[in-house]
There are 4 protein chains.
Amino acid sequence: MCRWMAWLGQPVLIEELLFNSPHGIVDQSLHARMGAEPTNGDGFGLGWYGTEPTPALYRSVAPAWSDANLRELAGHVESGLFLTHVRAAIGSPVQETNCHPFRHGRWLFVHNGFIADFHVIRRDLMFAVDPALFAEVTGSTDTEVVFYLALTFGLEDDPIQALERTIGLIESVAGRHGVADAVQGSFGVSDGTTLWAVRYATNGKARSLFTSADADSVRRLYPDNHRLQRLTAEDRLVVSEPFSDLPGLWNEVPEATAVTVRHRGELEEQPFRPSPADAHVKGPALAPALDT
Amino acid sequence: MCRWMAWLGQPVLIEELLFNSPHGIVDQSLHARMGAEPTNGDGFGLGWYGTEPTPALYRSVAPAWSDANLRELAGHVESGLFLTHVRAAIGSPVQETNCHPFRHGRWLFVHNGFIADFHVIRRDLMFAVDPALFAEVTGSTDTEVVFYLALTFGLEDDPIQALERTIGLIESVAGRHGVADAVQGSFGVSDGTTLWAVRYATNGKARSLFTSADADSVRRLYPDNHRLQRLTAEDRLVVSEPFSDLPGLWNEVPEATAVTVRHRGELEEQPFRPSPADAHVKGPALAPALDT
Amino acid sequence: MCRWMAWLGQPVLIEELLFNSPHGIVDQSLHARMGAEPTNGDGFGLGWYGTEPTPALYRSVAPAWSDANLRELAGHVESGLFLTHVRAAIGSPVQETNCHPFRHGRWLFVHNGFIADFHVIRRDLMFAVDPALFAEVTGSTDTEVVFYLALTFGLEDDPIQALERTIGLIESVAGRHGVADAVQGSFGVSDGTTLWAVRYATNGKARSLFTSADADSVRRLYPDNHRLQRLTAEDRLVVSEPFSDLPGLWNEVPEATAVTVRHRGELEEQPFRPSPADAHVKGPALAPALDT
Amino acid sequence: MCRWMAWLGQPVLIEELLFNSPHGIVDQSLHARMGAEPTNGDGFGLGWYGTEPTPALYRSVAPAWSDANLRELAGHVESGLFLTHVRAAIGSPVQETNCHPFRHGRWLFVHNGFIADFHVIRRDLMFAVDPALFAEVTGSTDTEVVFYLALTFGLEDDPIQALERTIGLIESVAGRHGVADAVQGSFGVSDGTTLWAVRYATNGKARSLFTSADADSVRRLYPDNHRLQRLTAEDRLVVSEPFSDLPGLWNEVPEATAVTVRHRGELEEQPFRPSPADAHVKGPALAPALDT
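My aim in this report is to walk through the structure given alongside it, one point at a time. (Residues numbered from 1 in each chain as written. Chains lettered and ligands numbered in written order. Predicted model: local features only at pLDDT ≥ 70, side-chain atom pairs only at ≥ 80, totals over all residues. Heavy atoms only, no water.)

## Focus on the relation of the copies chain B and chain D
Put simply, the rule reads: Least-squares superposition of the copies uses the C-alpha atoms of those residues scoring a pLDDT of at least 70 in each of them. By definition in these notes, contact holds between two residues if any of their heavy atoms fall within 4.5 Å.
With an RMSD of 0.0 Å, chain B superimposes on chain D once it is rotated by 180° and translated 0.0 Å along the axis. On this basis, the relationship between the two copies can be described by a two-fold rotation axis. The rotation axis passes nearest to the C-alpha of B:A62 in chain B, at a distance of 3.4 Å. Comparing interface residues between copies, 100% of those in chain B also lie at the interface in chain D; the contact surface is shared.

## A few points about the packing of aromatic side chains
Rules: Any pair of Phe, Tyr and Trp rings, taking the six-membered ring for Trp, is counted once the centres come within 6.5 Å. Such a pair is stacked with planes under 30 degrees apart, edge-to-face with planes over 60 apart, and tilted for the rest.
All chains considered together, the criterion is met by 36 aromatic pairs over all chains. Linked through ring pairs, A:F44, A:Y58, D:F44 and D:Y58 together constitute an aromatic cluster.

## Quick word on the pairing of strand 4 (residues 78-86) of chain D
Residues and elements named next belong to chain D. Using the following cut-off: Exposure categories follow from relative accessible area, calculated using a 1.4 Å probe and restricted to protein chains: below 20% of the type maximum is buried, above 50% is exposed, and the middle band is partly exposed. Labels follow the DSSP assignment, with helices taken as runs of H or I lasting at least four residues and strands as runs of E lasting at least two, numbered in each case from the N terminus. When DSSP locates at least two bridges between a pair of strands, those strands are taken to pair.
Of all 9 residues making up strand 4, 8 are buried, and the element is well covered by its neighbours. As judged from the 5 bridges shared by strand 2 (residues 44-48) and strand 4, these two strands associate in the antiparallel manner. What sits directly across from G45, in strand 4, is H85.

## Some details on the pattern of salt bridges
This is how it is decided: Think of a salt bridge as a Lys or Arg side-chain nitrogen and an Asp or Glu carboxyl oxygen that are within 4 Å of each other.
Going through the model one piece at a time under the given rule, you end up with 36 salt bridges over all chains. The salt bridge involving A:R103 is made with D:E72; its shortest N-O contact spans 2.6 Å. Taken together, the positions of A:R103 in strand 5 (residues 102-104) and D:E72 in helix 3 (residues 68-76) put the pair across two chains. Of the residues examined, A:R103 reaches a relative accessible area of 25% and is grouped as partly exposed. The class for D:E72 is buried, based on a relative accessible area of 13%. In this structure, C:E16 engages C:R230 in a salt bridge whose closest nitrogen and oxygen atoms are separated by 3.3 Å. One end of the pair, C:E16, is in helix 1 (residues 15-18); the other, C:R230, is in the loop between helix 9 (226-229) and strand 10 (236-239), with 214 residues separating them in the sequence. Judged by its relative accessible area of 18%, C:E16 is buried. The network of salt bridges with shared partners includes A:E16, A:R227 and A:R230.

## A word on the environment of C:G188
All names here are of chain C. Structurally, G188 can be placed in strand 7 (residues 183-190). Taking relative accessible area as the criterion, G188 reaches 0% and is therefore assigned buried. The spatial distance from the C-alpha of G188 to the C-alpha of H85 is 10.0 Å, given a sequence separation of 103 residues. Residues in contact with G188, not counting those within four places in the same chain, are W4, L83, L108, F109, V110, W196 and A197.

## Brief notes about the interface of chain B and chain D
To keep it simple, the criterion reads: The term buried area denotes the loss of accessible surface (1.4 Å probe radius) that occurs when two parts are joined, taken as the sum for both partners. We call two N or O atoms a polar contact when they sit within 3.5 Å, provided that within protein one can donate a hydrogen and the other can accept it, with sequence-adjacent residues counted only if both atoms are side-chain atoms. Residues are grouped as follows: Ala, Val, Leu, Ile, Met, Phe, Trp, Tyr, Cys and Pro are nonpolar; Asp, Glu, Lys and Arg are charged; every other residue, Gly included, is polar.
With 10 residues of chain B at the contact, the number on the chain D side is 10 residues. Taken over both partners, the interface formed by chain B and chain D buries close to 700 Å², and the fraction arising from carbon and sulfur atoms is 56%. Taken together, the connections running from chain B to chain D amount to 2 residue pairs in polar contact (both at pLDDT 80 or more). Its residues assigned to classes, the side of chain B that touches chain D comprises 4 nonpolar, 4 polar and 2 charged.

## Details of the environment of C:A56
All names here are of chain C. Following the sequence through the fold, A56 ends up in strand 3 (residues 56-60). Residue class for A56 comes out buried when judged on its relative accessible area of 0%. Along the primary structure A56 and L46 are separated by 10 residues, whereas in three dimensions their C-alpha atoms are 8.1 Å apart.

## Overview of helix 4 (residues 118-128) of chain A
A large share of helix 4 of chain A lies buried, amounting to 9 of its 11 residues. Of the residues making up helix 4 of chain A, those classed as buried are A:F118, A:I121, A:R122, A:R123, A:D124, A:L125, A:M126, A:F127 and A:A128.

## Some remarks on the side chain of D:R236
Residues and elements named next belong to chain D. Test applied: Residues scored as charged are limited to Lys and Arg (positive) and Asp and Glu (negative), so that His and the chain ends carry no count.
Tracing the chain through its elements places R236 in strand 10 (residues 236-239). D214 is the oppositely charged side chain nearest to the buried, salt-bridge-free R236, at an N-O distance of 5.5 Å. Separated by 2.7 Å, the side chain of R236 and the backbone oxygen of S212 make a polar contact. In this view, R236 contacts A6, W7, L8, S212, A213, D214, V261, G265 and L267; residues no more than four positions away in its chain are not counted.

## Thoughts on the interface of chain B and chain A
On the chain A side, the residues contacting the 17 residues of chain B number 19 residues. Across the chain B to chain A interface the summed buried area is about 1600 Å²; carbon plus sulfur atoms make up 65%. If you sort the residues of chain B by the area they bury against chain A, B:R123, B:F127 and B:F134 come out on top, with a joint share of 38%. Here chain B is connected to chain A by 8 residue pairs in polar contact (both at pLDDT 80 or more). Per-element tally for the side of chain B that touches chain A: the top contributor is helix 4 (residues 118-128) of chain B, with 5 residues. Along the lines of polarity and charge, the residues of the side of chain B that touches chain A split into 10 nonpolar, 5 polar and 2 charged.

Put into structure tokens, the structure is as follows:
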């Protein structure tokens, strides 16, 4: 059911978090503890921000644990902002275009969870995507459609609000098709400067999501841990599942909550409230699909 | 720009036609002579009919010339009806779900050519697909959409007429978007009993398509060729490009022509005339997309 | 640490045993219960005997659970004798040439387990391979070298004895290098007519291995199970791990035992005793490596 | 038959040379003009030096022209020293471990060409590899063995001399096996500071090899070409095949010649003379293999 992590902080060699941390994301590809399944072996992806205007993507259908190229990249690329995702496919094909992160311009998007009975509502959701963006949808996962809906509903202006509208639309379309408990999961988004994360499920029992505690507290808690002493006030992690069992390192994000992480490690939480679809449909282009 | 071939006749070991024939389809993956490009290295597919109700598919993103598994399968599977396709991608990703043949129930479908400016008209075309079939579209090529449109317009009842309607719709949608020369190519279809092929381009200059001459004539022409002496009156090949330069083996299918090959080697040609879309739109479900 | 299974019996559609059996081998690729690891996602292979002189191979680096082509093949190919293997790599690369079964002529070979510190003794073992076979070793796993050693030591004449010599040699070479507990595992071999399996570990604690009970007993035990009622006296399975928990279906092969399964379901067990290497080294070609 | 290129100079975004140069190496993967084959679609590799002690590798079995990840990497990674290789396999499997560059510590190695009848002499060559390095040989190409022989014969101390000894050994072993014209090709080597290249064939007709002219001359020749005006005196390219047809840009490396390119664009040529094997065999460990 996928696992993901995001780093915003001082530039680090990516392998520090992917391979060298106890129970890091690559280990979670094989032995997830809190996911619906222990194995997340249906491809993975890494998106990182560097010096270029748009982030780089490396996506592969190989399991993360055995991909030699991922190990190379992680061992040679430094970044102060990156997202990684390991996938457990539920129905849709194992192909690179179905691997997260998805990208549009400077934006990256990851998701852990699912849209219920996606095959039933996929057509309506796809026709709610801005026609100017439609041709960019090249995979067949629910997540990619969620991302393009969010872009349609203003992700680039207000990510949290756009996701509230997107989830609202999905729940509304699902309702019309008799699909219950439409949305499940946690979502991660970035524009290269800020990081947003959402934990939400229609049924109120969302997949787990955690943020790292502020670095000062962590360093005080573990004065002898050399790894943790290197953390600065700049650094924040957002993860589906904690890397380590050390108490005090992680804060669980509450149900139905959106988190915003800014540079300098600032972190804000706010309620996440899906908004009814009708209020934000942009015009006639969307209406026909919603009527079918 | 792809190459394909289809066999309907006595059961043969598939490698006879894929690997052991001079300039067979696998050789064409590396050295096509009549295609837009000599190299068709962006994946391939093989669909064959056997004893099961539905045909088998083997599709891979590897070039056909280097795929060890294709060589194995071709050397161990016998079939009296199969289609093979080698792909040269134009824009859409190299992934198995974009490899031909496409399949629905007992039906297989291959295509050599393209829909012009597909990214511009993709949304309208997808919206014209029967909503009950929509969720089966898991790739991102033009061909897969053509196939599902043809299924929408009655492929299973009358394949030629359904393709005439499909091409008519595509030309009509393209026209509304200002896209010229909408359709280019040759198409191959089978239901496991009969084989249909179409050569057609909007601009009147379609990709090449050939059928093999009747076996009697071939055997009389080449009394000393042991391979050709094994041909029976049952056997027919349809190919984008002839396997061999021997004169008398191949008949070019004329422009704007549909071919039907039945068991016992019977072959009929008929004009292929795309029909205007308006006449066959099935109802309100299709209208909205066509209006956007 | 790999799982494998072999079928010798009436021709069956391969999916019956790979996909349709409870806790079949494909399920074991994701959820093995008795292996060193639950996940066997580093590629897989299927080798089957049909009408051609040599068996067919399908090997892929994708996990068995997600490979669309495996599902296709298994659903369309019937065979009365086949071996399947799901791999958990330990150090050597995930590539098709490292996937089991390995093949030489009519012979197929699978292995669950490992040669300890293979990197230390690999050179000496490879040097002991018959020079005429050396160029066929194209992967980098321990198992492939075991197979070519067994061919060197007479696999085609007497498989059990050849494996006893091979294991004897490996233990002897390992001893000279100070490597303890050299051999671990179960091995499966076939020539297309007979099936041999060996359970053996240097340290006396070998990976599990089971054979199916005779069909009569099984049918009497489960008179209402339609699947099991279809078993005939011809049919035998050899598996790393039972498919199902039903009591009476499986017999554990004892430690240090070789099993021979012949057509008509005949099954024999005999002690497996590795023989010292010195007795069977074939000549000067082997000597130098053994001296280093 | 492969194509390769190497850059030593100012740090550049890798895509400048791989994708944005006319007839760059990725274009050569599809349309080589001077190679034995126009298509080099059997995998590729990119090795680059950055801030870490060892170079990074990205190798893939996909054709270079269609690999989305290569495009990503090339568009986001800057390097002042990198080697790229596109492969046309001759017999050995298409797998990442057979893709160039090969790496050992800080060293990278690429090759265009072949060792004649490699399957005949592979065993002797492999047993001439330093036993301490033997376990690192994980692929099955001739080039990888050439690299490990060169390491055995002192590549890290004197690359040109080590290659002379290696080629001398190969010619000598081939001679004993009755294999004529043993070595064909061009070789590229780097330690992260200096770049070496060799053009050599036993039969005196080696694959093409070119170095870029000094930047001053190039800029004077093409004062209006903005790309070429960005070249500095630091910059040198070594390529199997020129990127562009502009006269004056490229100097052909003569037959049997070794080139050394140092930082600041200094370039030296010297004769390349394979030395007889007997003079440099290191000791008894190698002898047995050479005797077989």
